[in-house]
Amino acid sequence: MDLNKTVAIVTGANRGLGRHLAAGLVERGAKVYAAARNPETVDLPGVIPLKLDVTDTESIAAAARTASDATLLVNNAGISTSAPLIVGDIDDVRRELDVNFFGPLTVTRAFAPVIENNGGGTVLNVLSVLSWLHPAALGSYAASKAAAWAMTDAVREELAPRGISVSALHVAYMDTDMAAGVPAEQKIDPADVATQALDGIESGVAEILADDTTRYVKQSLSSSNSE
């Protein structure tokens, strides 16, 4: 995909990885809708702020009407409540699934016909190493990302005949607000992750593994499946 000719919408673009993805797309010549629940918090030069709440179907439909020229959707918005599955607040578990699974699915359903009508394009889902690694302390988050990975694979097959490719970005800890309590040496620069993600989109890579931890876990998963 030639990003210089792309019209992109990035969810959760007001901070963290989403902001870096939007900035990188602008640098590569794309037109960028920077989507956020509160678009007034988008302070990135060169983008078009867009109101979008991934848990609100009316908000999603309105965004799809506004960004009717989109050819690239980046499903970046997400949350982490740190809820374990058994003793955690069940409302937190539901909220995480709403944002991290149903959110990107609903946004993709809304934008698939838009991208198709514009001649095809790409969807990028921002996932996690916890799509494959499921620690009890982050059970809710891991479950939501595992579900989103399965959704990504299924949607890739479903959208391919419509001229839409679907990629997944997997990463461990990044130096963002979500991982504020993680030691710095365990975190990767989100700007580097954004660069890898955009390179992967340009090259048509189905799964982009952004750090050594993620590559190790994926390799271990493949090894265990072959035994």
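To keep things clear, this report deals only with the structure shown in the data block.

Parameters at a glance
- Residues numbered from 1 in each chain as written.
- Predicted model: local features only at pLDDT ≥ 70, side-chain atom pairs only at ≥ 80, totals over all residues.
- Heavy atoms only, no water.
- Helix = DSSP H or I, 4+ residues; strand = E, 2+ residues; numbered from the N terminus.
- Buried < 20%, exposed > 50% of the residue type's maximum accessible area, 1.4 Å probe, protein only.
- Areas by Shrake-Rupley, 256 points an atom, 1.4 Å probe, with all protein chains shown as cover.
- Lys, Arg positive; Asp, Glu negative; His and termini not counted.
- Charge placed at Lys NZ, Arg CZ, Asp CG, Glu CD.
- Salt bridge = Lys/Arg side-chain N within 4 Å of Asp/Glu carboxyl O.
- Expected span 1.5 Å × (residues − 1).
- Bend = angle between axes of the 7 residues up to and from the residue.
- Contact = heavy atoms within 4.5 Å.

The next subject is the overall build of the protein chain. When helices and strands are counted, the protein chain shows six helices and seven strands. Along the protein chain, helices and strands appear, N-terminal first, in the series β-α-β-β-α-β-α-β-α-β-α-β-α. Across its three principal directions, the C-alpha atoms of the protein chain cover 45 × 35 × 35 Å. Residues classed as buried in the protein chain amount to 46% of the 227 residues present. When the accessible area of the protein chain is evaluated, it comes to approximately 10,600 Å², of which 51% is carbon and sulfur surface. Separation between the mean location of the 17 positive side-chain charges and that of the 28 negative ones in the protein chain comes to 4 Å.

According to the stated counting rule, one finds ten salt bridges in the structure shown. Where Asp43 meets Arg19, a salt bridge forms, and the shortest distance between an N and an O atom there is 3.0 Å. Residue Asp43 is found in the loop between strand E2 (31–36) and strand E3 (48–51), and its partner Arg19 is found in helix H1 (residues 16–27); the two are separated by 24 residues along the sequence. On the accessibility criterion, Asp43 (54% relative accessible area) is exposed. Residue class for Arg19 comes out partly exposed when judged on its relative accessible area of 29%. A salt bridge links Arg162 to Glu116, with the shortest nitrogen-to-oxygen separation between them at 2.9 Å. Linking Arg162 in the loop between helix H4 (139–159) and strand E6 (164–170) with Glu116 in helix H3 (residues 90–117), this pair joins segments that are 46 residues apart in sequence. Relative accessible area serves as the criterion here: at 32%, Arg162 is assigned to the partly exposed category. Salt bridges linked by common partners bring Arg28, Asp199 and Glu202 together as one network.

Moving on: H3. The end-to-end C-alpha distance of H3 is 40 Å, a good match for the 40 Å that 28 residues give at a rise of 1.5 Å each. The sharpest bend along H3 reaches about 40° and sits at Phe102, with the proline Pro104 one to four residues further on. Following H3 by one or two positions, Gly119 has its phi on the positive side, about 95°.

What follows is about the environment of Ala146. Along the chain, the position of Ala146 falls in helix H4. Look at Ala146 and you get partly exposed, because its relative accessible area is 21%. Taking C-alpha positions, Ala146 is 22 Å from Leu21, a pair spaced 125 residues apart along the chain. Not counting residues up to four positions away in its chain, the partners in contact with Ala146 are Leu130, Ser131 and His134.

In short, geometric facts, not functional conclusions.
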